[in-house]
Amino acid sequence: MERDHASKIVGTVWGLLILNTLGSAGAKTIIPLPRSLIQMVTMGALVAAFALALTVNLRLRIRASAFLFLLTLLLGLSVISSANLESGFGALFRCARLALFVGTLWLLSRWWDGGLTFVRHHIRMYLAVLASVAAGLVASPGAALPDLYGGRLVGALWPLTPPQIGQYAAVIIGLTVLLVLGRRADRTSAVVVIVPSLVLLALTHTRTATLGLLIGLALAIGSLVLTSAAARRFFTWAVLCATVAAVGFGSLLQTWFLRGQTQENFSSLTGRAKVWSALLAAPRTTSEHLFGVGLGDKSFGGLPIDNSWLAVYNEQGVLGVSLVAAIIIVLGGVALLRPPSLSRACAIFLISYCAIASYTEAGLGDASPYLLHLAVAASLLAAPASATPLSTPATPRRRVPRWAQRSEMS
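The shown structure was predicted, so the numbers you read here are calculated from the model rather than taken from an experiment.

*Asks:* Quick one: what's the story with the overall build of the chain, residue by residue and with numbers?
*Replies:* Looking only at helices and strands, the chain features 18 helices and two strands. Within the chain, the proportion of its 410 residues that are buried is 45%. In the chain, the proportion of contacts linking residues at least 24 apart, taken out of those at least 6 apart, comes to 76%.

Structure representation (structure tokens):
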């Protein structure tokens, strides 16, 4: 009973972390929500997550984790870069948020045992977020598909952007497919998760999430092909269906992929390349080059950077980029060294997805869904905890006198 209670609290903590990383900027909602109220809710969720994690792990039992160690170093670097207040007092606030975020992950590391517990928490929580998006679409199609975003799906109940919705949908689709292949989920439940998520992903017109899903699944299923007949069958059918779709619906897929953009706009990645060039061309001091300018809102010149590596370079410098690269390399290296298994395949999918999405999305250097994806991957790659037998209290041995020993002998 006590173990089940702790498991429920851990699931609640994970849900609060996901709520904190939903953000406060996005489309206009049906019921206008003040940004200050949204920030209060998200920050309150993080504080509550840390407090709950602490109550369930009062003895501060943690597991050694290279991922969390590197993340802690990144936190220290963020504090150093933000201390000069070049990005304002908001940088210190973001450092405090990152500290609570990393501290909560350390407290949860006690339950990282290579199992699928956090994968299931991840799917349930993001499925709840997508359910709110679907409810907003049903309640007000005009607000959920606004002209401001080119008719792409946004959050009408909670301010979520199309890339966010696409990311959540792609991640739970990929993880659910892998659970079905590993026979850890029945097909009926999988259909309930996958089909609506595919519809929402298509309505977002998010190319990064779609490519991340396809490439990540290909790599993950490829790691199971030699040991799983179900993976081999799925891979064969997937290749066949992809070939038929490319031939029969090529023009339709191209139209969806281009989203009505001109060739120039598409080649510049919807204007991202111009921001990247300006950021790299801007003069920097040696300190700014090494440590960055401190945690900010992932923008440059008032425009979003939309690239994790350049955002980290801007805010945490070259040292920050090195630490983030080390996180990806360490997790990827450990995944490659593990024997084939469902946990390894899920970890490969999450790591691959984050690496692909990092090119057009920011978030690897601060508290974000991408760090939660990588935390799930780290939990999947952790060695199973050794079972410690319950210790019975030692009973003191009674000293037997010699005369009694002699009488027993006789």
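*Asks:* A description of a nonpolar patch on the surface should follow, citing residues and the corresponding values.
*Replies:* Together, Leu211, Leu214, Ile215 and Leu219 give the surface a local cluster of nonpolar side chains, amounting to about 350 Å² of exposed area. Its location among the elements puts Leu211 in helix α9 (residues 207-222). Since its relative accessible area comes to 38%, Leu211 is described here as partly exposed.

*Asks:* Run through the nonpolar core, naming residues and quoting values.
*Replies:* Soluble globular proteins tend to bury their nonpolar side chains together. In this structure, Trp14, Phe67 and Leu374 are the most contacted members of the largest nonpolar core, which totals 102 residues. Once you skip the residues sitting within four places of it in the chain, Trp14 turns out to touch Leu105, Leu108, Phe118, His121, His122, Leu372, Ala375 and Val376. Among the nonpolar cores identified, the runner-up in size contains six residues, and Trp276, Leu279, Leu310 and Ala311 belong to it.

*Asks:* I'd like a description of the packing of helix α7 (residues 162-181) against helix α8 (residues 187-204), backed by residues and values.
*Replies:* At a minimum axis distance of 9 Å, the contact between α7 and α8 shows a crossing angle of 155°. For the element pair α7 / α8, the angle class is roughly antiparallel. Crossing of α7 over α8 shows left-handed handedness. Contact residues: α7 offers Pro162, Ile165, Gly166, Ala169, Ile172, Ile173, Thr176, Val177 and Val180, while α8 offers Arg187, Ala190, Val193, Ile194, Ser197, Leu198, Leu201 and Thr204.

*Asks:* Could you give an account of unusual backbone geometry, with specific residues and numbers?
*Replies:* Most peptide bonds take the trans form, and the phi angle of most residues other than glycine is negative. At His205, a position not held by glycine, the phi torsion is positive, near 55°. Structurally, His205 is set in the loop between α8 and α9. The backbone of Asp306 sits at a positive phi, close to 55°, despite the residue not being glycine. By the secondary structure assignment, Asp306 is in the loop between β2 (303-304) and α15 (308-337). Here Asp306 falls in the partly exposed class, since its relative accessible area comes to 21%.

*Asks:* Go over the packing of helix α3 (residues 66-82) against helix α4 (residues 89-108) with me, naming the residues and quoting the values.
*Replies:* Running from N to C, α3 and α4 point in directions that differ by 165°, and their axes come no closer than 10 Å. With respect to α4, the axis of α3 lies roughly antiparallel. Crossing of α3 over α4 shows left-handed handedness. Here Leu68, Phe69, Leu71, Thr72, Leu75, Ser78, Val79 and Ser82 of α3 come into contact with α4, specifically with Ala91, Leu92, Cys95, Leu98, Ala99, Val102, Leu105 and Trp106. Residue composition of the contact of α3 with α4, by class: 13 nonpolar, three polar and no charged.

*Asks:* Go over helix α13 (residues 272-281), please, and point to the residues and values.
*Replies:* Among the residues of α13, Arg272, Val275, Trp276 and Leu279 are the ones counted as buried. End-on, the buried residues of α13 take up no more than an arc of 100°, which puts them together on one face. Away from its buried face, by an angle of more than 90 degrees, α13 presents the exposed residues Lys274 and Ala281. Where α13 is buried, its residues touch β1 (299-300), β2 and α15.

*Asks:* An account of the packing of aromatic side chains is needed here, citing residue identities and associated values.
*Replies:* With the rule as written, the count across this model stands at four aromatic pairs. Aromatic side chains Tyr126 and Tyr168 sit 4.7 Å apart centroid to centroid with 20° between the ring planes, which places their arrangement in the stacked category. Taken together, the residues Tyr126 in helix α5 (residues 117-139) and Tyr168 in helix α7 connect sequence positions 42 residues apart. With respect to class, Tyr126 is no different from Tyr168; both count as buried.

*Asks:* Could you give an account of the pattern of salt bridges, naming the residues involved and the relevant values?
*Replies:* Applying the stated criterion across every chain, the model contains three salt bridges. Between Arg272 and Asp306 there is a salt bridge, and its shortest N-O distance comes to 3.5 Å. Linking Arg272 in helix α13 with Asp306 in the loop between β2 and α15, this pair joins segments that are 34 residues apart in sequence. The exposure class assigned to Arg272 is buried, which follows from its relative accessible area of 17%. The partner of Glu315 in a salt bridge is Lys298, with the nearest N and O atoms 3.2 Å apart. With Glu315 in helix α15 and Lys298 in the loop between α14 (286-291) and β1, this pair connects stretches of sequence that are 17 residues apart.

*Asks:* I'd like a rundown of the side chain of Asn57, residues and numbers included.
*Replies:* In this fold, Asn57 is placed in the loop between α2 (35-56) and α3. By relative accessible area, which is 0% here, Asn57 ends up buried. Setting aside its immediate chain neighbours within four residues, Asn57 contacts Leu107, Arg110 and Trp111.

About the criteria used
- Residues numbered from 1 in each chain as written.
- Predicted model: local features only at pLDDT ≥ 70, side-chain atom pairs only at ≥ 80, totals over all residues.
- Heavy atoms only, no water.
- Helix = DSSP H or I, 4+ residues; strand = E, 2+ residues; numbered from the N terminus.
- Buried < 20%, exposed > 50% of the residue type's maximum accessible area, 1.4 Å probe, protein only.
- Contact = heavy atoms within 4.5 Å.
- Patch = residues over 30% accessible without salt bridge, like charges linked within 9 Å, V, L, I, M, F, W, Y side chains within 5 Å.
- Areas by Shrake-Rupley, 256 points an atom, 1.4 Å probe, with all protein chains shown as cover.
- Salt bridge = Lys/Arg side-chain N within 4 Å of Asp/Glu carboxyl O.
- Core = buried A, V, L, I, M, F, W, Y, C linked by side-chain atoms within 4.5 Å.
- Axes fitted to C-alpha atoms, helices over the stretch in contact; angles between N-to-C directions.
- Parallel < 35°, antiparallel > 145°, perpendicular 65-115°, else oblique.
- Left-handed = near helix turned anticlockwise from the far one by under 90°.
- Nonpolar A, V, L, I, M, F, W, Y, C, P; charged D, E, K, R; others polar.
- Arc of directions from axis to C-beta.
- Phe/Tyr/Trp six-rings, centres within 6.5 Å; stacked < 30°, edge-to-face > 60°.

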